Amino acid sequence: MLNRMCNSDPVTTQAELGNASNEPYYGSSSPHADSDSTSHPARYASAQSEGLNFATHVKDHSVQMLRVQGGRPLGGRVRISGSKNAGLPALAASLLTDESVTLHRVPALNDIRFMVRILEDLGCEISFKAGEAHIRAREIDGDPFPECVRQMRASVCLLGPLVARMKRVSMPLPGGCVIGQRPIDLHLRGLKALGCEISIQNGLVSASAGHLKGTTLSMGGPFGSTVTGTVNIICAATLAQGTTVIRDAAREPEVADLCRMLNKMGAKIGGIGESTLTIEGVERLHGVSHELIPDRIEFGTFLLLALASRSKLELPKVDPSLCGALVDVLAANGAEFEETSDFFVVHGNRSNLRPMCLETLPFPGLPTDLQAPLCALLTQIFGESSIKENIYPNRFTHIGELQRMGANISTDGPQAIIRGATQLSGTSVIIPDLRAGACLYLAALIAKGESLIYGVHHVDRGYENFDEKLKQIGAVLQREEVVRENGCKEI
Ligand code: EPU
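Here the structure is a predicted model, which is why all the values come from computation and not from measurement.

Asker: Would you mind showing me how to read the overall build of the protein chain here?
Answerer: Tallying secondary structure elements over the protein chain gives 17 helices and 25 strands in all. Considering only contacts within the protein chain whose residues lie at least 6 apart along the sequence, 73% involve residues at least 24 apart.

Asker: Whenever I open this one, the site of the ligand confuses me. Can you help?
Answerer: The environment of the ligand is made up of 26 residues, and the closest members are N85, L186, F223, T226 and T228. Of all the secondary-structure elements, those providing two or more residues to the shell around the ligand are α4 (84-93), α8 (185-193), α9 (227-238) and α15 (434-446). Among the residues making up the shell around the ligand, the classes are represented as 11 nonpolar, 10 polar and five charged.

Asker: Can you walk me through the pairing of strand β20 (residues 383-388) in this structure?
Answerer: Consecutive side chains along a regular strand alternate between the two faces of the sheet. Bridging between strand β19 (residues 357-359) and β20 involves three bridges; their strand directions are parallel. Residue pairing in the sheet places L358 in a bridge with I387 of β20. As for the winding sense of the linkage, the β-α-β connection from β19 through helix α13 (residues 371-378) to β20 is right-handed. In the sheet, β20 pairs with strand β22 (residues 415-420) via six bridges, with the strands oriented antiparallel. Its bridge partner being in β22, E384 is matched across the sheet by R419.

Asker: Just checking my understanding: could you explain unusual backbone geometry for this structure?
Answerer: For residues other than glycine, phi is negative in most cases, and the peptide bonds are mostly trans. Note the cis peptide between F363 and P364, where omega equals 15°. On the secondary structure map, P364 appears in the loop between β19 and α13. With omega at 0°, the peptide bond leading from G420 into A421 counts as cis. Its location among the elements puts A421 in the loop between β22 and β23 (428-430). Positive phi is not limited to glycine here, since A130 has a value of about 45°. On the basis of neighbour counts, which here come to 7 C-beta atoms within 10 Å, the residue A130 falls in the exposed class. A positive phi angle, close to 50°, is found at N202, a residue other than glycine. Relative to the elements of secondary structure, N202 occurs in the loop between β7 (197-201) and β8 (204-208).

Asker: Could you clarify how one ought to interpret the sheet that holds strand β4 (residues 125-129) in this entry?
Answerer: Backbone hydrogen bonds are what pair the strands of a sheet, in a parallel or an antiparallel way. Spatial strand order, β4-β5-β3-β15: four strands in an open sheet with mixed pairing. Edge positions in the sheet fall to β4 and β15 (288-291), since each has one partner strand and no second. Between one strand axis and the next, the sheet turns by 10° as a mean value, whatever way the strands run.

Asker: Which parts of the structure should I look at to understand the sheet that holds β8?
Answerer: Pairing within the open sheet is antiparallel, and its three strands lie in the order β6-β8-β7. In this open sheet, the two strands that pair with only one neighbour each are β6 (168-172) and β7. Neighbour-to-neighbour, the strand axes of this sheet turn through a mean angle of 15°, independent of strand direction. Here β7 pairs with β8 via five bridges, running antiparallel.

The rules we used
Residues numbered from 1 in each chain as written. Predicted model: local features only at pLDDT ≥ 70, side-chain atom pairs only at ≥ 80, totals over all residues. Helix = DSSP H or I, 4+ residues; strand = E, 2+ residues; numbered from the N terminus. Contact = placed C-beta atoms within 7 Å. Near = placed C-beta within 6 Å. Nonpolar A, V, L, I, M, F, W, Y, C, P; charged D, E, K, R; others polar. Pairing = 2+ DSSP bridges. Right-handed = clockwise from strand over helix to strand, strands pointing away. Buried ≥ 20, exposed ≤ 12 C-beta atoms within 10 Å, placed from the backbone. Axes fitted to C-alpha atoms, helices over the stretch in contact; angles between N-to-C directions.

So, in structure tokens, the structure goes:
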């Protein structure tokens, strides 16, 4: 029961990928058969007795399928939601104070609901409605609920805030996932440098520290600086004794947004947005009201949709630096954009795109989270394009499904080579992870004929009201409950 309700992610994904026949995955009544819901019976029992019902927090769409009629003309205005990857660390950082934290523009996404659920279970008073989250971590106790932690890798963002506030934390070690190995050695190295004792046993990582002490450390790794690792160390350092200097800090806008929020709470963080951050520890942080930045990956996804579908879309104007690399490279290769006082207009219908040779890089480079939707666009451009994935060299789970729709794509190590233009054809596809999901939505919308997309719950983790937003610009699609071969509805 608990397993089903916590359903949203990578465990299901493995099951889907494990489907060697490549037939659509129809879900199962127990998609998380390898999760151990009985490992913390006391906590589970207490959650039940308190009437905490995950279903009220996490929308389970794991057994839904999307039917898309491709090739329909699109056009109009799209609203861009608040950033998931800014919201998750901001929610975790609310643990750093016993005063009230209000976050605005919080997207209603399953990953956000998981984080809210974890905070609630730790003892926070929370309300989350209409894009506003009010959190008060007046008294917190215990460890993050393992069932939820296992469902969402971003729960690793709790390590830094909890060790700073509680002086200890113990939680399941996040595993790898379909986009590749995702170790946390850099997070742990940073926490150790601040004075934490770390132990790993039976799949649990535990960190404790009498006093965190400022020091100089690096968050750089073989694939660039770690984003959530930087977030963890920033949070821990705000309440450490003395000054911490973080070299090779991730410069992603979501990290900068967190720093601005923490400074409003009384933290003393210098160098925001740069690769060296200086954090002077303070005794305590206080409450804050903070608006999250817009989701640059959602913005980029709609921008790519406009170009791939040769539509004109009007997106709200965002800080140009958020999507600078994407806009620059597309403009240099024939995309037409126009900025009005309020809107960023993508003239997909006028653009004459040339093939491109791209690579993903840490910010301010081209984001890895747009690599999959970019592949969908590149299938529509005459000539040979390539895209090298430098952050997660195996993040190509979408390629097999694109090939099944007729795309001419091959991979060579961490590089995808795309030969276009190809008329994609609608078929049944399976979404293996969130950004691959965005790619397959785009592909289905530009394909000839009908596509059936399975695994839409992955998209619900990261794109707020995606189906509705698409319908508003003319897409013809609908979700359906998956019906098993025996005619029974999956519930
Ligand atoms: N890495 C290590 N050791 C570590 C941490 C990371 O080797 O201790 C490696 C990773 O394996 C990867 C690279 O460093 O090859 C970058 O990983 P990073 O830690 O920066 O990723 P993350 O913090 O876990 C965040 C986003 C991801 C996004 C990446 C890269 C959140 C919640 N997640 O993940 O977003 O792809 O940064 O920009 O902020 C998504 O939204 O779909 C998503 C996956």
